[in-house]
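# A structural walkthrough
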Amino acid sequence: MHDATLVTTLGREPERQHGIVNPPVYHASTVLFPTVAAMEAARPDKGVYYGRYGTPTSMALQDALAALEGGHWCFVTGSGKQAITATLLALLKAGDHVLMVDSVYHPTRRFCDLTLSRFGVETSYYDPLIGAGVRELIRPNTRIVWVESPGSLTFEVQDIPAIAEAAHAAGAIVIMDNTWASPLYFKPFAHGVDVSVQALTKYVGGHSDLMMGSIVTTPELRDRLRTPLMEVASVAAPDDCNLALRGLRTLAARLERHQRSALEIAAWLRDRPEVATVLYPALPGAPGHELWKRDFLGASGLFGFVLKPCSKAQVAAMLDHLELFGMGYSWGGYESLLIPTHPETSRTAAPWRVEGVPMRIHIGLEDPADLIADLAAGFDRLAAAG
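A brief report on the enclosed structure follows. If you're wondering where the values come from, they're calculated on a predicted model, not measured in any experiment. (Residues numbered from 1 in each chain as written. Predicted model: local features only at pLDDT ≥ 70, side-chain atom pairs only at ≥ 80, totals over all residues. Heavy atoms only, no water.)

### Some remarks on the overall build of the protein
- A tally of regular secondary structure across the protein gives 13 helices and 11 strands.
- The C-alpha atoms of the protein give a radius of gyration of 22 Å, which matches the 21 Å a tight globule of 386 residues would have.
- Considered along the principal axes of its C-alpha atoms, the protein spans approximately 75 × 55 × 35 Å.
- Across the 386 residues of the protein, 55% fall into the buried class.
- Taking the average place of the 33 positive charges on the side chains of the protein and the average place of its 41 negative ones, the gap between the two points comes to 4 Å. (Helix = DSSP H or I, 4+ residues; strand = E, 2+ residues; numbered from the N terminus. Rg over C-alpha atoms; globule rule 2.2 N^0.38 Å. Buried < 20%, exposed > 50% of the residue type's maximum accessible area, 1.4 Å probe, protein only. Lys, Arg positive; Asp, Glu negative; His and termini not counted. Charge placed at Lys NZ, Arg CZ, Asp CG, Glu CD.)

### A short note on the sheet that holds strand β8 (residues 275-279)
- Across the sheet, 4 strands lie side by side as β8-β9-β11-β10; this open sheet has antiparallel pairing. In the strand order of this sheet, the two ends are held by β8 and β10 (337-340), each with one partner. For this sheet, the mean inter-axis angle between neighbouring strands, taken without regard to orientation, is 20 degrees. (Pairing = 2+ DSSP bridges. Axes fitted to C-alpha atoms, helices over the stretch in contact; angles between N-to-C directions.)

### Examining the pattern of salt bridges
- The tally for this structure, following the rule as stated, stands at 17 salt bridges.
- Put simply, Arg 43 and Asp 45 hold a salt bridge, and the shortest N to O gap is 2.7 Å.
- The salt bridge involving Lys 93 is made with Asp 96; its shortest N-O contact spans 3.2 Å.
- Its relative accessible area of 3% is what places Asp 96 among the buried residues. (Salt bridge = Lys/Arg side-chain N within 4 Å of Asp/Glu carboxyl O.)

### A few points about the side chain of Asp 96
- Here Asp 96 is to be found in the loop between α4 (80-91) and β2 (97-101).
- Separated by 3.2 Å, the side chains of Asp 96 and Arg 143 make a polar contact.
- In contact with Asp 96, not counting residues within four places along its chain, are Leu 91, Gly 120, Val 121, Glu 122, Asn 141 and Arg 143. (Polar contact = N/O pair within 3.5 Å; in protein donor to acceptor, adjacent residues only side chain to side chain. Contact = heavy atoms within 4.5 Å.)

### Comments concerning the packing of helix α10 (residues 251-270) against helix α13 (residues 368-384)
- The geometry of α10 relative to α13 is characterised by a closest axis approach of 10 Å and an angle of 35 degrees between their N-to-C directions. For α10 against α13, the interelement crossing comes out right-handed. On α13, the residues that touch Arg 257, Ser 261, Glu 264, Ile 265, Trp 268 and Leu 269 of α10 are Pro 368, Leu 371, Ile 372, Leu 375, Ala 376 and Phe 379.
- When grouped by side-chain class, the residues that make up the contact of α10 with α13 number 9 nonpolar, 1 polar and 2 charged. (Left-handed = near helix turned anticlockwise from the far one by under 90°. Nonpolar A, V, L, I, M, F, W, Y, C, P; charged D, E, K, R; others polar.)

### Topic: the nonpolar core
- Judged by nonpolar contacts, the single largest core of 117 residues is most densely connected at Val 76, Trp 146, Trp 180, Leu 269, Tyr 280 and Leu 338.
- In terms of residues, this core owes the most to one element, α10, which gives 7 residues.
- Residues within four places of Tyr 280 in sequence aside, it is in contact with Trp 180, Gln 259, Ala 262, Leu 263, Ala 266, Ala 286, Ala 299, Ser 300, Leu 302, Phe 303 and Gly 304. (Core = buried A, V, L, I, M, F, W, Y, C linked by side-chain atoms within 4.5 Å.)

### So, the environment of Ile 215
- As for its position among the elements, Ile 215 is in strand β7 (residues 213-217).
- Once the C-alpha coordinates of Ile 215 and Lys 293 are considered, the two residues, 78 residues apart in sequence, prove to be 25 Å apart.

### Some details on the sheet that holds strand β3 (residues 122-126)
- With respect to topology, 7 strands assemble into an open sheet ordered β1-β7-β6-β5-β4-β2-β3, the strand pairing being mixed. Each edge of the open sheet is held by one strand with a lone partner, namely β1 (73-77) and β3. Across the sheet, the mean angle from the axis of one strand to that of its neighbour is 20 degrees, orientation sign disregarded.
- With 3 bridges connecting them, strand β5 (residues 173-177) and strand β6 (residues 195-199) associate as parallel partners. Counterpart to Ile 175 in the pairing with β6 is Val 195.
- Sitting on the sheet, helix α3 (residues 56-69) is in contact with β1, β6 and β7, with an inclination near 125 degrees to β1.

### Some points on a nonpolar patch on the surface
- A surface patch of nonpolar side chains, amounting to about 250 Å² of accessible area, comprises Leu 89, Phe 119 and Val 232.
- Secondary-structure assignment places Leu 89 in helix α4. (Patch = residues over 30% accessible without salt bridge, like charges linked within 9 Å, V, L, I, M, F, W, Y side chains within 5 Å. Areas by Shrake-Rupley, 256 points an atom, 1.4 Å probe, with all protein chains shown as cover.)

### A closer look at helix α9 (residues 238-249)
- With 12 residues, α9 should cover 16 Å at 1.5 Å per step; its first-to-last C-alpha distance of 17 Å lies within 8% of that length.
- Turning to α9, its buried residues are Pro 238, Cys 241, Ala 244, Leu 245, Gly 247, Leu 248 and Arg 249. (Expected span 1.5 Å × (residues − 1).)

So, in structure tokens, the structure goes:
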């Protein structure tokens with residue numbers, strides 16, 4: 001079946017719930033067993049065992065996410081960052097080396113530099129556009145090659161199959177942050193990824209009221225991941241899992257609207273005299289478009305653009321009085337957002353040297369004509385402040 005059908009059907013078993021369409025929300029800590037034999041035979045990975053390991057509510061969500069990404073097993077956690085940090089802690093030990101893409105989500109970089117380093121794990125960063133050349137950076141103790149495509153803030157599209165081939169040839173595993181595309185628009189395991197993490201906070205939640213992350217992996221890595229993950233993380237709370245399941249049901253419809261509106265606004269921005277470049281891989285002619293077209297099934301509503309050189313006061317004049325675009329961290333909700341960014345402060349392997357002011361924009365579900373009018377008024381204020 002197509003993904004638009006799967007998001008409405010996966011994780012639902014009405015015939016086991018008295019015909020009720022949605023899975024019930026199970027709040028549980030203690031789980032009772034009918035006999036000593038049943039209690040001794042129970043295991044955390046074999047059905048309901050104890051609340052910390054999950055309930056039928058979280059298991060419904062996990063089964064749905066694993067199926068959508070094309071993986072085998074899923075674990076949902078309390079945030080996207082926890083999905084990232086728990087996965088790294090579960091798979092690494094002192095003396096190991098991680099190759100991390102230079103355009104990675106900044107909290108991931110901070111965790112590697114400030115926390116993993118204290119445990120004797122070394123991280124080095126690589127150019128997101130290196131492709132198969134990553135093989136030259138892999139060491140005998142490299143355990144993980146981390147990818148994020150498109151890149152956080154700067155939206156470089158990575159050659160995931162080429163990187164995966166090089167990593168696997170050297171015995172390393174590939175972990176991908178697949179939040180931007182969601183399970184609908186990029187199938188990580190079909191492109192050589194071994195573990196996929198997401199911030200379900202973003203598009204799966206979809207309403208800016210949920211903090212959750214997911215970890216999906218292959219049959220080969222399931223047992224290696226499962227036990228250490230349960231030592232460092234707990235399954236997400238049942239009410240949050242219920243919100244994620246609800247968001248999942250409309251994910252295909254929402255992403256289609258996000259993409260359609262984002263393409264329209266990206267094309268409009270490209271023609272504005274105030275804009276130096278637009279960083280949206282789905283836009284023909286934009287950086288990374290050909291790789292995006294080869295590997296991705298669609299695009300989300302998040303992208304970047306670079307203003308031509310202007311003052312901080314001009315940027316503030318543009319942003320401070322926008323009516324529809326909010327300024328705030330995160331994205332993936334129904335509302336539109338716009339903030340200035342500073343990728344130059346963290347890049348080390350591939351320094352950011354683009355002249356101008358980088359911006360990150362999320363196109364929500366509002367009418368694009370209204371969003372364009374809001375941006376146009378902002379550009380007028382920017383010019384007046386110059």
